[in-house]
Amino acid sequence: MAILQAQPFDFEIDKSAIALVMIDMQRDFIEPGGFGETLGNDVSLLRAIIPKSKELLNGFRKHNLPIIHTRECHKPDLSDLPDAKRDRGNPDLRIGDEGPMGRILVSGQDGADIIPELYPIEGEIVIDKPGKGAFYKTDLQDTLDKLSIKQIVFAGVTTEVCVQTSMREANDRGYDCVVATDATESYFPHFKSITIEMIIAQGGIVGWAADTSSIIEALDE
Ligand code: TIU
């Protein structure tokens, strides 16, 4: 067991049972003209984590450890899109509408795909999810069970929305989870920091937090 220096206390990494789940690093959230921008956000903020996210991916790749990428997107017929999600707020473009990167948050469209910098390589798993949580209406749990995964490192966007929701779902399902603090970002920087505080409060009520270098060092141990 390698020791990861984490908050709120050290985390014992089991390299035979750990996976990286990279949440929603899609063009729709990170590039102009997508879902994130249509919600009124400054999407350029999220680009800051691309280098660390790449390091984290490479750290897992180096040891041949499982990597799962998720994409928040809907079927082209929108049958998995609740009215409540489509009709929320007052965006310029709604999910399913035609935007500069294709139909907003629809599977198979350019905008719904993962940014080129972090594109999955052969052997990595990609899971499309219709909700914020990565377990809701997906086969993520089966996928993790088949790989005998018990520990998950979470990264991606946005910290307080899809990353936190997925980490809470994983925590309830019995996985020990670590959020990679410099490989996750929010459109609201104070939401990112408060989310990490919430996760590690009360003795790690949702899990642990550690930066990418510490995670990679522990994997290399
Ligand atoms: N809007 C926002 O912050 N996030 C999302 O809608 N999805 C994800 O976090 N992936």
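Provided above is the structure to which this section pertains.
What you see is a predicted model, and the numbers here were worked out from it, not measured in a lab. (Residues numbered from 1 in each chain as written. Predicted model: local features only at pLDDT ≥ 70, side-chain atom pairs only at ≥ 80, totals over all residues. Heavy atoms only, no water.)

A. Molecular detail of helix α6 (residues 159-172). With 14 residues, α6 extends 18 Å from end C-alpha to end C-alpha; this agrees with the ideal 20 Å at 1.5 Å per step. Of the residues making up α6, those classed as buried are T159, E160, C162, V163, Q164, S166, M167, E169 and A170. Positioned one or two residues after α6, G174 has a phi angle of 95°, which is positive. (Helix = DSSP H or I, 4+ residues; strand = E, 2+ residues; numbered from the N terminus. Expected span 1.5 Å × (residues − 1). Buried < 20%, exposed > 50% of the residue type's maximum accessible area, 1.4 Å probe, protein only.)

B. Region of interest: the state of the cysteines. This model, assessed by the stated rule, comprises 0 disulfides. Left without a disulfide partner, C73 is nearest to the cysteine sulfur of C162, which lies 11 Å away. Between C177, a cysteine without a disulfide, and C162, which holds the nearest cysteine sulfur, the sulfur-to-sulfur distance is 15 Å. (Disulfide = S-S within 2.5 Å.)

C. Region of the structure containing the sheet that holds strand β10 (residues 208-210). Strand order in the open sheet made by the 6 strands is β7-β4-β3-β8-β9-β10, with parallel pairing throughout. Looking at which strands have only one partner, the edges of the open sheet turn out to be β7 (125-129) and β10. Averaged over all pairs of adjacent strands, the angle between their axes in this sheet comes to 25°, without regard to strand direction. Bridge analysis of strand β4 (residues 67-72) against β7 gives 5 bridges, and the strand direction is parallel. Across the sheet, the residue bridging to E72 is K129, located in β7. Packing of helix α3 (residues 50-62) onto the sheet brings it into contact with β3 (18-23), β4, β8 (151-157) and β9 (176-185), and relative to β3 it is tilted by some 150°. Contacts from α6 reach β3, β4, β7, β8, β9 and β10, with the element oriented near 165° to β8. (Pairing = 2+ DSSP bridges. Axes fitted to C-alpha atoms, helices over the stretch in contact; angles between N-to-C directions. Contact = heavy atoms within 4.5 Å.)

On their own, these measurements won't tell you what the molecule is for.
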